[in-house]
Amino acid sequence: LLYCLQAHSQQTANYDENLVPKLVLPDLFVTYEGNRIQNTEDWESIRRPELVQAFADEMYGQLPNDFDEIAFQEEVITTHPYADFSIYKLVQIGVSRNGNKQTIPVHLFSPKVGHGPFPVVLLISHRKVEDLINNKEDQFFDIQQITQSGYVAAIFDVAYVSPDDKDRFAEGILTTLYPEQMQLPNGMRGLGAWAWGAMRAMDYFEQDPLIDHSKSAVVGHSRGGKAALWCGANDTRWSLTYSNESGCGGAALSRRKFGETVERINTVFPYWFTDNFDAYNGKEEKLPFDQHQLIASIAPRGVYIASAMEDLWADPRGEYLSLKLASQVYQQLYDEKIDLPEDYVFAPHFHHSGSLGYHLRAGQHNLISEDWKRFLDFADLQFGKPIRH
Ligand code: GTR
């Protein structure tokens with residue numbers, strides 16, 4: 001039934017640029033009280049926090065960061081498909097609060113060549129990690145390319161934090177650690193819980209001597225890309241945020257109503273966002289923000305947005321526009337010279353400028369080796385390594 005609903009909404013959605021409403025977007029630099037932000041200090045102490053709070057209250061829910069204890073149990077796994085060039089470590093992250101505990105497995109593959117500490121890339125996965133590891137043909141988590149580029153490839157399955165299921169999403173941390181969130185109209189839901197999970201992986205990275213957490217990237221595809229942006233906007237420990245084909249509720253501007261809309265996503269995936277978000281069904285223009293402000297909240301840290309040409313449902317143009325608009329904060333407040341093109345060409349292309357990067361590639365909605373290649377090249381540039389060919 002879910003599949004039918006989804007297929008139906010994909011067919012009847014708007015894909016016509018002429019039917020996109022004229023964009024009247026909330027101003028990045030004007031606070032909710034009506035004051036214009038002129039400098040970095042006011043951005044960081046007033047505007048950025050109020051934006052992140054508004055996204056929490058109206059869309060992604062609260063992101064509680066309190067717990068009593070966090071413990072890590074490590075096990076090296078010697079037999080695995082990538083043993084020729086990587087070392088596989090399985091880390092059980094145990095988080096306790098009020099006498100209850102949640103355990104989240106994080107899988108890490110570190111390069112066999114070279115000396116640590118290595119930079120790290122974490123994938124928020126809604127696909128089963130064991131399947132990805134055991135099928136070497138699957139490019140979704142490209143362990144070979146990541147580790148051979150000198151990065152630790154890390155991944156966790158969101159099912160261990162909050163199952164990606166309308167009826168079971170509360171079975172993870174929303175039952176064990178933060179049950180009170182379920183009672184709140186602006187409480188944490190699925191996407192927020194996944195972002196929380198990535199933050200716990202970062203807690204681990206911070207104390208693993210093999211990892212240079214000051215060179216860290218959080219990556220997500222589609223629903224995972226929405227969570228990655230939310231994570232990057234909240235947790236300043238990440239140097240880079242990658243959002244692959246995240247579309248509605250991710251990088252794409254909601255007010256364009258192109259492809260997936262707020263109403264469709266709230267209908268098919270009601271457990272991803274906080275309850276307050278329902279009020280914007282068919283009323284995107286009432287949102288006190290749009291998605292360019294989420295990307296801008298990550299400044300001055302790096303952001304990379306990726307789109308695919310056959311993925312109109314995720315609105316590639318709207319994803320690019322968000323990034324382009326967010327670049328104003330990097331330019332005007334952080335003095336970065338960002339040179340992203342004004343016009344959007346609907347042909348494969350790749351641009352990076354300063355802390356921001358973007359590509360549109362041919363093909364369908366998926367995370368593939370070509371995406372990883374771009375991500376790693378961009379990370380090399382940000383981390384000061386020579387670009388690989
Ligand atoms: C779709 C959904 C999108 C996106 C995608 C995915 O069905 O409408 O918002 O999240 O799933 O995660 O692959």
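Predicted model, so just to flag it, every value in this text is computed and none were measured.

Enquirer: Can you walk me through the nonpolar core in this structure?
Expert: Within soluble globular proteins, side chains that are nonpolar generally end up buried alongside one another. Counting residues in hydrophobic clusters, the biggest one holds 87 residues, and the most contacted among them are Trp196 and Phe205. Setting aside residues up to four positions removed in sequence, Trp196 forms contacts with Leu63, Pro64, Val95, Ile104, Val161, Ile173, Leu177, Tyr178 and Met188. Counting 29 residues, the second largest nonpolar core, distinct from the first, contains Ile133, Phe141, Ala306 and Trp372.

Enquirer: How do you make sense of the packing of helix α6 (residues 190–205) against helix α7 (residues 223–234) when you look at a structure like this?
Expert: Contact geometry of α6 with α7 gives a least axis separation of 8 Å together with a crossing angle of 65°. Of the two elements, α6 crosses α7, and the hand of that crossing is right-handed. Residue-level inspection shows Leu191, Gly192, Trp194, Ala195, Ala198 and Met199 of α6 in contact with α7, the latter providing Arg223, Lys226, Ala227, Trp230 and Cys231. Its residues assigned to classes, the contact of α6 with α7 comprises eight nonpolar, one polar and two charged.

Enquirer: Is there a simple way to explain the sheet that holds strand β4 (residues 118–125) in this structure?
Expert: What holds strands together in a sheet is hydrogen bonding between their backbones, with the strands either parallel or antiparallel. Here 10 strands make up an open sheet; going across it, the order is β1-β2-β3-β5-β4-β6-β7-β8-β10-β9 and the pairing mixed. Looking at strand neighbours, the two that pair on one side only are β1 (69–77) and β9 (349–353), the edges of this open sheet. Recorded for the sheet is a direction-independent mean angle of 15° between the axes of neighbouring strands. Both β4 and strand β5 (residues 152–157) contribute to a ladder of six bridges, which runs parallel. Within β5, the position partnered with Leu123 by the bridge is Ile155.

Enquirer: Please explain the site of the ligand as it appears in this structure.
Expert: All residues in the neighbourhood of the ligand are listed as Gln6, Ser222, Arg223, Lys226, Glu260, Ile265, Phe269, Trp272, Trp313 and His365. Measuring from an oxygen atom of the ligand, one finds a side-chain N or O atom of Arg223 at 2.5 Å. Burial of the ligand by the surrounding chains reaches 89%, relative to a free accessible area of 320 Å². Across the shell around the ligand, the residue classes break down as four nonpolar, three polar and three charged.

Enquirer: It is not clear to me how the pattern of salt bridges should be interpreted in this structure. Could you clarify?
Expert: As a working rule, side chains carrying opposite charge can pair if their charged atoms are close by. Taken as a whole, this structure holds 25 salt bridges when the rule is applied. Where Asp203 meets Arg237, a salt bridge forms, and the shortest distance between an N and an O atom there is 2.6 Å. Here the residue Asp203 occupies a position in helix α6, and Arg237 occupies one in the loop between α7 and β7 (240–244), the gap between them amounting to 34 residues. The class of Arg237 is partly exposed, set by a relative accessible area of 23%. Between Asp380 and Lys385 there is a salt bridge, and its shortest N-O distance comes to 3.8 Å.

Calculation notes
- Residues numbered from 1 in each chain as written.
- Predicted model: local features only at pLDDT ≥ 70, side-chain atom pairs only at ≥ 80, totals over all residues.
- Heavy atoms only, no water.
- Core = buried A, V, L, I, M, F, W, Y, C linked by side-chain atoms within 4.5 Å.
- Buried < 20%, exposed > 50% of the residue type's maximum accessible area, 1.4 Å probe, protein only.
- Contact = heavy atoms within 4.5 Å.
- Axes fitted to C-alpha atoms, helices over the stretch in contact; angles between N-to-C directions.
- Helix = DSSP H or I, 4+ residues; strand = E, 2+ residues; numbered from the N terminus.
- Left-handed = near helix turned anticlockwise from the far one by under 90°.
- Nonpolar A, V, L, I, M, F, W, Y, C, P; charged D, E, K, R; others polar.
- Pairing = 2+ DSSP bridges.
- Near = heavy atom within 4 Å.
- Polar contact = N/O pair within 3.5 Å; in protein donor to acceptor, adjacent residues only side chain to side chain.
- Areas by Shrake-Rupley, 256 points an atom, 1.4 Å probe, with all protein chains shown as cover.
- Salt bridge = Lys/Arg side-chain N within 4 Å of Asp/Glu carboxyl O.

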